[in-house]
Amino acid sequence: MNWENRYSNKIVTAEEALKNIKDGNRVVVGHAAGEPQYLLNVLADKAENYKNVEVVHMVSLTESRYAEKIENFHHNALFIGPKTREAANRKFISKGIADYTPSFFYEIPKLFDEVLPVDVALIQVSSPDEHGFVSLGVSVDYTLKAAKRAKILIAQINKKMPRTLGDSFLHLDEIDFIVKRDEEILEIPLPKIGEVEKKIGEYCSSLINDGDTLQLGIGAIPDAVLTFLELKKDLGIHSEMISDGILELIKKGVITNKKKQTFVGKTLVTFIMGS
């Protein structure tokens, strides 16, 4: 029996799944390139069905149209990005429209235990394997804890979401409602590296020794640093995120993770964002 037959009672339309969000609920959304675009679009389209629903997430790469529906949704940003900055700024003009909750990234999963209990989580996952396990793919980070803590878990299964390894799996038994919808994974453009970024990158690269383990951010300066590391040996990655900049170094054997003190031989990250 394939998974569709076994879990046919959980497979619903997005509209049916999202009806389970009640007025006053807190909804945590999957992160960054792992955002369930289709679910969020339907949520915004059906905004009139909701009142005082709090939507929580960090980096948003979608249009975040729910943030415009101020009569229906209250936006709570754990990280203010370009798509949600206007909603957060409006807080200072009209009280109650949006919030910014500052937190260290590593502490956000703890928030879902103690400070921001999760009523509903909206996530995006890979196709299930033969045992019924799906992967959170490009964004595990806080999304896994939100999924585990949610009273109701709604998952968009997307065949284009890659299956990533590590502590990235959920079982279909843990998911309350399944929405099948394939769409391209969200991308961000490559940063432009100018002369200033190159100078900074060259200087920073001189501080990195063979065998060092790197933690990376995103943008022109981290990518500029990486362009000056081709002569280094056995670098490692242990980072909250990675982007396009490390790919060539992995292909060229510069990044091997052989000298790491933990997770030897493995690149360890919590989410991926790039092209």
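We now turn to the structure provided with this report.

About the criteria used
- Residues numbered from 1 in each chain as written.
- Predicted model: local features only at pLDDT ≥ 70, side-chain atom pairs only at ≥ 80, totals over all residues.
- Heavy atoms only, no water.
- Helix = DSSP H or I, 4+ residues; strand = E, 2+ residues; numbered from the N terminus.
- Rg over C-alpha atoms; globule rule 2.2 N^0.38 Å.
- Buried < 20%, exposed > 50% of the residue type's maximum accessible area, 1.4 Å probe, protein only.
- Lys, Arg positive; Asp, Glu negative; His and termini not counted.
- Charge placed at Lys NZ, Arg CZ, Asp CG, Glu CD.
- Salt bridge = Lys/Arg side-chain N within 4 Å of Asp/Glu carboxyl O.
- Pairing = 2+ DSSP bridges.
- Axes fitted to C-alpha atoms, helices over the stretch in contact; angles between N-to-C directions.
- Polar contact = N/O pair within 3.5 Å; in protein donor to acceptor, adjacent residues only side chain to side chain.
- Contact = heavy atoms within 4.5 Å.
- Parallel < 35°, antiparallel > 145°, perpendicular 65-115°, else oblique.
- Left-handed = near helix turned anticlockwise from the far one by under 90°.
- Nonpolar A, V, L, I, M, F, W, Y, C, P; charged D, E, K, R; others polar.

Attention shifts here to the overall build of the protein chain. Scanning the protein chain from terminus to terminus reveals 9 helices and 13 strands. For a compact globule of 275 residues, the expected C-alpha radius of gyration is about 19 Å, and the protein chain comes in at 20 Å, within 12% of that figure. Considered along the principal axes of its C-alpha atoms, the protein chain spans approximately 55 × 55 × 35 Å. Burial status across the protein chain gives 49% buried among its 275 residues. Taken as two groups, the 35 positive and 39 negative side-chain charges of the protein chain have centres that lie 1 Å from each other.

With that settled, consider the pattern of salt bridges. Two side chains of opposite charge can pair, provided their charged atoms sit close to one another. Considering all chains together, one arrives at 12 salt bridges under this definition. Put simply, K151 and D119 hold a salt bridge, and the shortest N to O gap is 3.2 Å. Of the two residues, K151 is situated in the loop between α6 (143-149) and β7 (152-157) and D119 in the loop between α5 (108-114) and β5 (120-125); the sequence distance between them amounts to 32 residues. One salt bridge connects K148 with E174, and the closest N-O pair in it is separated by 2.9 Å. Linking K148 in helix α6 with E174 in the loop between β8 (169-171) and β9 (177-180), this pair joins segments that are 26 residues apart in sequence. Residue K148 is classed as partly exposed on the basis of its relative accessible area, which comes to 47%. Classification of E174 as partly exposed rests on a relative accessible area of 35%. Beyond isolated ion pairs, a larger network of salt bridges with shared partners links D113, K145 and R149.

Pairing is parallel in the open sheet, where 7 strands are placed in the order β4-β3-β2-β1-β5-β7-β9. Looking along the sheet, the strands with just one partner apiece sit at the ends: β4 (98-100) and β9. With strand direction ignored, the average angle separating the axes of adjacent strands in the sheet is 20°. Where strand β1 (residues 26-29) meets strand β2 (residues 53-57), 3 bridges bridge the pair, whose relative direction is parallel. Among the inter-strand pairings, R26 is bridged to a residue of β2, identified as E54.

This part covers the side chain of N72. Tracing the sequence through the fold places N72 in the loop between β2 and β3 (73-77). A polar side-chain atom of N72 sits 2.9 Å from the main-chain carbonyl oxygen of A47. Other than its neighbours up to four places away in sequence, N72 contacts A47, E48, Y50, K51, N52 and V53.

Within β5, 6 of the 6 residues are buried, leaving the element largely enclosed by the surrounding structure. Alternating positions in β5 separate into two faces, V120, L122 and Q124 on one and A121, I123 and V125 on the other, with burial throughout. Pairing geometry for β1 and β5, over 3 bridges, is parallel. Pairing of V28 across the sheet is with A121, part of β5. Where β5 meets β7, 6 bridges bridge the pair, whose relative direction is parallel. Within β7, the residue paired with L122 across the bridge is I154.

What follows covers the packing of helix α7 (residues 195-205) against helix α8 (residues 220-227). Where α7 meets α8, the closest approach of the two axes is 7 Å, and the angle between their N-to-C directions is 55°. Taken together, the axes of α7 and α8 lie oblique to each other. The way α7 lies across α8 gives a crossing that is right-handed. Of the residues in α8, those in contact with E197, K198, I200, G201, C204 and S205 of α7 are A220, I221, A224 and V225. In terms of residue class, the contact of α7 with α8 is made up of 6 nonpolar, 2 polar and 2 charged.

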